[in-house]
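Here is how the chains run, residue by residue.
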Amino acid sequence: MRFLPLCLTLALGCSAPPPPLVPAPPAPPPPAPVPWSRFAEIAAWPAAAEPFANFGHPDAGDQAQARVSPDARAAYAELVRDSVLPEGSIVALFHSDRTGKAGPVYVMEKQGGTWAYRALTAQGVILEGAAGRCEGCHQGAVGDALFGIPRPREAPRP
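Residues numbered from 1 in each chain as written. Predicted model: local features only at pLDDT ≥ 70, side-chain atom pairs only at ≥ 80, totals over all residues. Heavy atoms only, no water.

Caption draft 1: Geometry of the overall build of the protein. The number of helices and strands found in the protein is four helices and five strands. Its helices and strands in sequence order give the protein the pattern α-α-β-β-α-β-β-β-α, from N to C terminus. Counting all 158 residues of the protein, 32% fall into the buried class. When contacts within the protein are restricted to residue pairs at least 6 apart in sequence, long-range pairs at least 24 apart make up 47% of them. With the model as given, the accessible surface of the protein reaches about 11,200 Å², and the carbon-plus-sulfur share is 63%. (Helix = DSSP H or I, 4+ residues; strand = E, 2+ residues; numbered from the N terminus. Buried < 20%, exposed > 50% of the residue type's maximum accessible area, 1.4 Å probe, protein only. Contact = heavy atoms within 4.5 Å. Areas by Shrake-Rupley, 256 points an atom, 1.4 Å probe, with all protein chains shown as cover.)

What follows is the structure, encoded as structure tokens:
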């Protein structure tokens, strides 16, 4: 029994209330997404043609409208097999749905003789990893990995 007071003293001394919990500061909000550095520039370019039905980019929107860098606009308008657009050319396809609501923007930029592909939100923010399938389809395009503006089919000659 001599140990009982000592055990009680130790037990009571070790059971002091824990210090009050201090809540962790709230995490800062994530930074606002930043548009691609050239988005405002390409959005301001005039359209290369009237909007057309989008059949090539599933789930992007019902319509598409091409905007092309000024140095490549003429070559793009006359795109035929074996056409080659100049280095630094940019071709952007702005998508929208039937109501006119803006959809994704797909961008091709010619760098070092090859095309780099980007997928952007309607606000111009890069969609990471979304442009992975572009190159495969564009390898079979009309000229310089581009399909061009849809043109009316010519009637067969008699």
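That covers the picture; the talk isn't over yet.
Caption draft 2: The layout of surface pockets, seen in detail. The calculated volume of the largest pocket comes to roughly 870 Å³. What lines the largest pocket is a set of 34 residues, and nearest its centre among them are G56, H57, L93, H138 and F147. Here the element with the most residues in the lining of the largest pocket is strand β4 (residues 102-111); it accounts for four residues. (1 Å grid on protein atoms, 1.4 Å probe; cavity = no way out; pocket = protein on both sides within 12 Å on 5 of 7 lines; lining within 4 Å. Points joined across faces, edges and corners; volume = space filled by probe spheres on them.)

Caption draft 3: Just the side chain of K110, in detail. Relative to the helices and strands, K110 resides in strand β4. Every residue in contact with K110, bar those within four places of it in the chain, is listed here: V84, L85, P86, E87, G88, S89, W115 and D144.

Taken by themselves, the reported measurements are silent on function.
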